[in-house]
Amino acid sequence: MQSEVMFAGFGGQGILASGKILAHAAMEAGYEVAWIPSYGPEMRGGTAYCLVVISDRPIGSPVIKNPQHLVAMNRPSLEKFAPMVKPGGVILVNSSLIPIRCGRTDVDELIVPATGIANDLGSVRIANIVALSAFVARSKIVDFELLRRCVNEEFHGKESFIEMNTNAVEQGRKAAA
Amino acid sequence: MAKVLMKGNEAIGEAAIRAGCLNYFAYPITPQSEVAEYLSKRMPDVGGMFLQGESEVAVGYMLFGASACGARVFTTSSSPGISLMSEAISYIAGAQCPAVFVNIIRGGPGLGGILPSQGDYFQATKGGGHGDYRLLVMAPASVQEAVEMVMLAFPLAEKYRNPVMILGDGLIGQMMEPVEFPDHLRTEPTNKDAWATNGMDTRNSKKSNLVKSLYLDPKMLNDHNLHLKSKYDQMKREEIRYEAYNADGDYKILIVSYGTMSRVCRTAIDMMKEDGLEVGMIRPKTLFPFPEKAIYDAAVKESCQKVISIEMSMGQMVEDVDRCVKGRRPVEWYGKCGGDVPTPEEVIGVIRGLL
Amino acid sequence: MAKGKTFQKPEALSTNHTHYCPGCTHGVIHRLVAEVIDELGIRGKTVGIAPVGCAVLAYNYFTCDFQEAAHGRAPAMATGIKRVRPDLIAFTYQGDGDLASIGMSEIIHAANRGEKFTTIFVNNAVYGMTGGQMAPTTMPGQRTTTSPYGRDVTLTGMPIKMCELLAALQTTGYITRQTVIKPKYIVKAKKAIKQAFMYQMENRCFTFVEVVSTCPTNWGMTPLDAIKWTEETLLPYYPLGEYKTPEGGTTDAK
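Basis of the calculations
- For every chain, the first residue of the written sequence is number 1, and numbering continues from 1 onward in sequence order.
- Chain labels run from A onward and ligand labels from 1 onward, assigned in the order the entries are written.
- The predicted origin of the model limits local features to residues at a pLDDT of at least 70 and limits the giving and counting of side-chain atom pairs to 80 or more, whereas totals for whole chains, interfaces and linings rest on all residues.
- Values shown for side chains rest on all heavy atoms present in the structure; no hydrogens or waters enter the calculation.
- Detection works on a 1 Å grid of protein atoms alone, calling trapped sets that fit a 1.4 Å probe cavities and calling open sets with protein on both sides within 12 Å along at least five of seven lines pockets, with lining residues defined by an atom within 4 Å of a point.
- Grid points are joined across faces, edges and corners, and a volume is the space filled by probe spheres set on the points.
- Labels follow the DSSP assignment, with helices taken as runs of H or I lasting at least four residues and strands as runs of E lasting at least two, numbered in each case from the N terminus.
- Note that Gly is not counted as nonpolar here; it falls among the polar residues with everything else outside the nonpolar set of Ala, Val, Leu, Ile, Met, Phe, Trp, Tyr, Cys and Pro and the charged set of Asp, Glu, Lys and Arg.
- Burial classes follow relative accessibility: with a 1.4 Å probe on protein chains only, a residue under 20% of its type's maximum area counts as buried, one over 50% as exposed, and anything between as partly exposed.
- This arc corresponds to the set of directions leading from the helix axis out to the C-beta atoms.
- The contact rule is simple, with two residues in contact once any of their heavy atoms fall within 4.5 Å.
- Put simply, buried area is the surface a 1.4 Å probe can reach on two separate parts but cannot reach once they are joined, added for both.
- The term salt bridge refers to a side-chain nitrogen of Lys or Arg lying within 4 Å of a carboxyl oxygen of Asp or Glu.
- For the purposes of these results, a polar contact is taken to be a pair of N or O atoms within 3.5 Å, where, inside protein, one atom must be able to donate a hydrogen and its partner to accept one; residues adjacent in sequence count only when each atom of the pair is a side-chain atom.
- The rule for pairing is simple: two strands pair if DSSP sees at least two bridges between them.

Draft legend 1. Seen up close, empty space enclosed by the protein. All names here are of chain B. Tallying each qualifying case throughout the model produces four cavities of 30 Å³ or more. Taken as a whole, the largest cavity holds about 40 Å³ of empty space. Forming the boundary of the largest cavity are A71, R72, V73, P98, A99, V100, F154, A157, E158 and K192. Secondary-structure elements contributing two or more residues to the lining of the largest cavity are β5 (99–105) and α6 (143–160). Here the element with the most residues in the lining of the largest cavity is α6; it accounts for three residues. In the lining of the largest cavity, the residues fall into seven nonpolar, no polar and three charged.

Draft legend 2. Local environment of helix α11 (residues 317–325) of chain B. Residue and element names in this part refer to chain B. Taken together, the buried positions of α11 are occupied by M317, V318, D320, V321, C324 and V325. When α11 is viewed along its axis, its buried side chains cluster within an angular range of 160° and face the same direction. The inward-facing, buried residues of α11 abut α5 (121–125), β11 (253–256), β12 (279–284), α10 (292–299), β14 (306–311) and β15 (331–335). Looking one or two residues past α11, K326 carries a phi angle of roughly 55°, positive in sign.

Draft legend 3. Molecular detail of the interface of chain B and chain C. The interface is formed by 32 residues belonging to chain B together with 31 residues belonging to chain C. Interface area, chain B with chain C, both sides summed: about 2,500 Å², of which 62% is carbon and sulfur. The closest approach of N and O atoms between C:D65 and B:R203, which form a salt bridge, is 2.6 Å. In this assembly, chain B and chain C are joined by 15 residue pairs in polar contact (both at pLDDT 80 or more). Contributions of two or more residues to the side of chain B that touches chain C are made by β2 (23–26), β3 (49–52), α3 (56–68), α4 (79–94) and β9 (210–211) of chain B. A per-element tally of the side of chain B that touches chain C places α3(B) first, with eight residues. When grouped by side-chain class, the residues that make up the side of chain B that touches chain C number 19 nonpolar, eight polar and five charged. As paired strands, β9(B) and strand β2 (residues 65–68) of chain C are joined by two bridges and run parallel to one another. Counted as the bridge partner of B:V211 is C:Q67 from β2(C).

Draft legend 4. Examining the arrangement of the chains more closely. There are two pairs of chains in contact here, and the one with the most contacts is chains B and C. The least C-alpha distance between chain A and chain C, which are not in contact, is 28 Å.

Draft legend 5. Region of the structure containing helix α2 (residues 74–84) of chain C. In terms of residue burial, α2(C) counts as a mostly covered element, since 10 of its 11 residues are buried. Within α2(C), burial applies to C:A74, C:P75, C:A76, C:M77, C:A78, C:T79, C:G80, C:I81, C:K82 and C:V84.

Written as structure tokens, this is what we have:
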């Protein structure tokens, strides 16, 4: 079994970091993983995306035309990538910044005001953690407690962030319920 | 050691340290700059040395000077930077010094683009710099393999007193995968007292050493080149590395592909197998020396109708594949080089078109 | 035992005959470098770097370890040596085409990083080995094989003054210009070369000794006329003296 998750949004929304945390958690769970970023000038304030491939066997092509799931943090990302998602996948829509919906009936659309929740928790910069947590809670792609641990490890040494991110994980989980 | 999740570029930097190389010169260029960023932090921790040179031209010669006085050295760059280093690479090969170059290829020619490509196959395997020299070239297909090849590159460079190149592509550099750093690949630098300009006192000798590539006498230069050739011939005998995939059964088509492109082909082969179509693959891990016999043997298998070289370039490796097959089977080519890596579906379409 | 000292070959010089032309000053400069290496007792840890140019075969004339560089790249190689083996003594020996033309980037950046090696820069205002072409240091109006009507500065700019250029860098260094066309100058030049190596041994700074030299062959002059032309034409444009010394006092050369 192989599944792929595309994270997409503006540069600066923590897109690459969410992907990395998920890849880390999947690796800890014993899966083969690959994390593939978009890189170059487009990283500087434009759209950013990364793809996480999770598999129970060695990963062949790291190039995926149709990912299983999508976490869209802004409108251009949703418009660009939603049509590519495989039927049956989860599409998370950051409704704080995206006024539209994915327009698909064959996927599990998860509406989460991630940026709004993050803002209420004290920083829009943790919107990516809210979204990631909501996505994992819904898709069950990895064990949720493992995700919680990996988020903590990611912010190891930055104690002030840990509490905020712990709250973000919890609020994300609730938002997916 | 436990697996860690690392970006290819960072893993390459760490692999060099684990291999026992504590000297690194580099110049920033996308998509390999993370190596320099990583090692600028990491080298001080391990008592190593990093210097950002003023250009790739200078970096090439910093490597030369350091290697010539006996130090284990390496650098990383991407295509246009390797072009600039090619002058030094020719000198280093001519002067028979060990050094390791990593090329995280981007699209070309000229400024090209920054996305993955395999357009530097010719540059790496046929020269790039001037004169009759060869590089030992290894092409990793995963971050783990990049780590292992980097670690292997140092003893090989020292064994042959010749530059070794790791030919990756933007994806190998930018992708994160779980990696392990094998302890058994750590090696000690060889004793270089016989030739290195490390100071007569260092080696307790009264005889000075000279590192040079200048031979004005035609016979001496010819002899020198014959000696270099004997080393390249030895590489052909002892260093060929490749992987055969789905090549035991009766396949109709044989793919030859390397690096990132070979992973896509592997997935395509698995998908075709589910549909009852058998396709085999030879994946060269060393591009020089090239797995000539393995490709010939796989191509002339009775079931095999055609051979195809699939590469992220406009038909470079296919010339070597064609040479190996010796006219016994038609040799086709498929490739793309703008930066979009072909998908497995695309590869399947191409393979079906051959039948 | 003789009372006076007999003239002897420095240990750091080999017994090979040089290939330099009659009247050329390379031989004198080689000897000064070799004498300094002997006097400082550093032959066993010195690595020289030969350039591309007339001194391309310099490694045949010294008895310490040597590397042969590509055109202009000696400072990058010396950087490589000193970064991985700071205990070694490295010197580059470069001409004006090698250093001030194709190798301009390497010398400026090495100087600016304060690399702890010594450069002997032999400036004779012409490409010697390749047959007398125009160099960056060729004088205005000077005829060479690629400026047959005389150097036209409106097309090729003014001759580059390397000491002045390098001294303008904010990094500390020892930058000096000398010549060896007469005995009085030779004594000073040797002192400067020794000073440069001593600064290097003390790990003080980048050290650079320009030596204004002659090229009777490519100037189309007798050796005596070449000395006269150097004094009358080159030295007024390339003034001798120290352009920069490291702060914090100096270790006087003897």
